[in-house]
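Listed here are the chains, written in short residue letters.
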Amino acid sequence: MTDINVNIEAGWNFDNSYTNLPESFFTSLNPKPVSLPKLVILNNSLAKSIGLNADNLKSDDSVAVFAGNKIPENAKPIAQAYAGHQFGYFTMLGDGRAILLGEQITPEGQRYDIQLKGSGRTPYSRGGDGRAALGPMLREYIISEAMHALKIPTTRSLAVVTTGEQVYRENELIGAILTRVAASHLRVGTFQYASNFGTVEDVKKLADYTLDRHYSNYENEENKYLYLLKEVIKRQAELISKWMLVGFIHGVMNTDNMTISGETIDYGPCAFMDSYDPSTVFSSIDRNGRYAYGNQPTMAGWNLTRFAETLLPLLSDNEEQAIKIAQETIDEFNNLYQSNWLSGMRLKLGFFNEEKEDESLIENLLNIMKKYNADFTNTFCSLTMEKLEDTDLFKSQEFTQWHENWQNRLKKQEQSKESIMDLMKNNNPAVIPRNHRVEEALQAANNGDLSVMEKLLQILSKPYAYLPDQVEYAKLPQMSGCKYKTFCGT
């Protein structure tokens, strides 16, 4: 199954550092071959950036790699073990339908995980078939590429292939496999697995591996494991604030879906908010709103507390002291998040400097937006372009007063009107992957028409450009009798 020529021609350069961890962290196994793989979409720019030959990746041999039918030289396919809290309940998990081929080493020496999602059953499948359908895999491709263009840390999608086989959910669906590229697949849940099912030494080995891979500037730190905790908290505070600033709702912020690297991962029941409402939920199974838009910072803090718990034996030999250190460190998350969010909101409103009234001005705008069901993205676009359309929000007395206060605030800085607009353009996307546009693209793709998705990806590739052809994609969907929902099986 291993093919040396695939490496030479495509540019694969695999290493397998994760397999140096204790064997309990993974299971070695190959993907299950499929009958008739066919390339649906290839991410040419991503391929080039990680040292691959995009033209060769369209060959039959490379498509066979994306399908799991061929294994490049030096790849050591594994399914990773991890655990996690799912909707607050702890359980044993693992890669139930994914295989990590290995780590691509780029010409610049960077390391990226290459994972096949939908590649067949593993010991962690828990009764599942290990397969994936075309629609959900293309959905992850679209949303992850949109997130990348929005400058939000994210795993990315290199390719999607169909398998020539059907998968069975509520209906018979087209089978597909997605090739995911990630800084790593280390999760809070990976540490929970080590802590709950392994030894303190296992946690230490995992932490050392993580430090070397993602946070290697720890040489001068008195306690490198405290440094690890602080750095993960810092990256998550930055990440969640970026989500909130564009109205992104992950949908399932379980601890196994929080990366140690600070990348967004696992695009299942996620979506971008239309009308501003902190209680917005997209996941069909999140009936109590645990992972609602407004709860995301709180849930991130909860997940990070679970991460800190796994590190307690490494923070201090004295349990009481370890808990004290962890608690004090976790307490910093809210301050870091709030600082990142406030800085981002200042940029969205054209503020180059800081004034005392900024926070109340921001909160007042959001409250008015909620009251009048104003679209989150388009409201900030309208302010950016100074085009206040005939909407309930902009016609209201509350907004008129707010707008006057905002203009007075802008006068407290020296920058020109043009500079202010440029700042706002760079921080307020003109387009996001609107739910109805994504569904339109997926439906067409399922019917064999990829042009709708290709056009959508083109539009989303430059969200801050404010181009004429983006106007149509910024329009809201027609009113529907039911709220948009997505599902964890996606």
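For the structure, see preceding data.
Residues numbered from 1 in each chain as written. Predicted model: local features only at pLDDT ≥ 70, side-chain atom pairs only at ≥ 80, totals over all residues. Heavy atoms only, no water.

## Quick notes on the environment of Ala146
Relative to the helices and strands, Ala146 resides in helix 4 (residues 134-149). C-alpha of Ala146 to C-alpha of Val431: the two residues are 285 residues apart in sequence and 9.5 Å apart in space. Contacts of Ala146, omitting those with residues within four sequence positions, involve Pro433 and Leu460. (Helix = DSSP H or I, 4+ residues; strand = E, 2+ residues; numbered from the N terminus. Contact = heavy atoms within 4.5 Å.)

## Some thoughts on the state of the cysteines
Counted by the stated rule, this structure contains zero disulfides. Of all cysteine sulfurs in the structure, the one in Cys270 sits closest to Cys381, which takes part in no disulfide; the separation is 20 Å. On the basis of relative accessibility, which here comes to 12%, the residue Cys381 falls in the buried class. (Disulfide = S-S within 2.5 Å. Buried < 20%, exposed > 50% of the residue type's maximum accessible area, 1.4 Å probe, protein only.)

## A few points about the pairing of strand 7 (residues 83-86)
Where strand 7 lies against strand 8 (residues 89-92), four bridges are found, and the strand directions are antiparallel. Considered in strand 8, the bridge of Gln86 is made with Tyr89. Connecting strand 7 to the next strand, strand 8, in antiparallel fashion are two residues, including Phe87 with a positive phi near 50 degrees. (Pairing = 2+ DSSP bridges.)

## A short note on the pattern of salt bridges
Counted according to the given criterion, the structure contains 30 salt bridges. Residue Lys224 is joined to Asp208 by a salt bridge in which the shortest nitrogen-to-oxygen separation is 3.2 Å. Taken together, the positions of Lys224 in helix 7 (residues 224-246) and Asp208 in helix 6 (residues 200-214) put the pair 16 residues apart, joining distant regions of the chain. Connected through salt bridges with shared partners, the residues Asp15, Glu103, Arg111, Asp113 and Arg213 form a single ionic network. (Salt bridge = Lys/Arg side-chain N within 4 Å of Asp/Glu carboxyl O.)

## Some thoughts on the side chain of Thr377
As for its placement among the helices and strands, Thr377 is situated in helix 12 (residues 376-385). Residue contacts for Thr377: discarding those within four places in its chain leaves Val246, Pro429, Ile432 and Arg434.

## Re the packing of helix 4 against helix 16 (residues 435-446)
As a packed pair, helix 4 and helix 16 sit with axes 10 Å apart at the nearest point and diverge in direction by 135 degrees. With respect to their mutual orientation, helix 4 and helix 16 come out oblique. Of the two elements, helix 4 crosses helix 16, and the hand of that crossing is right-handed. Contacts between helix 4 and helix 16 involve Leu134, Gly135, Leu138, Arg139, Ile142 and Ile143 from the first element and Val438, Glu439, Ala441, Leu442, Ala445 and Asn446 from the second. Classifying every residue of the contact of helix 4 with helix 16 gives eight nonpolar, two polar and two charged. (Axes fitted to C-alpha atoms, helices over the stretch in contact; angles between N-to-C directions. Parallel < 35°, antiparallel > 145°, perpendicular 65-115°, else oblique. Left-handed = near helix turned anticlockwise from the far one by under 90°. Nonpolar A, V, L, I, M, F, W, Y, C, P; charged D, E, K, R; others polar.)

## Examining the packing of aromatic side chains
Under the defined criterion, the tally for this structure stands at 19 aromatic pairs. On the numbers, 5.9 Å between centres and 80 degrees between planes, the contact of Tyr18 with Tyr209 is edge-to-face. A residue pair is termed long-range when its members are at least 10 positions apart, and Tyr18 in the loop between strand 2 (14-15) and strand 3 (26-28) and Tyr209 in helix 6 qualify at 191 residues. Here the two residues Tyr18 and Tyr209 agree in accessibility, since each one is buried. Between the aromatic rings of Phe87 and Tyr291, the centroid separation amounts to 5.0 Å while the plane-to-plane angle is 50 degrees, which identifies the pairing as tilted. (Phe/Tyr/Trp six-rings, centres within 6.5 Å; stacked < 30°, edge-to-face > 60°.)

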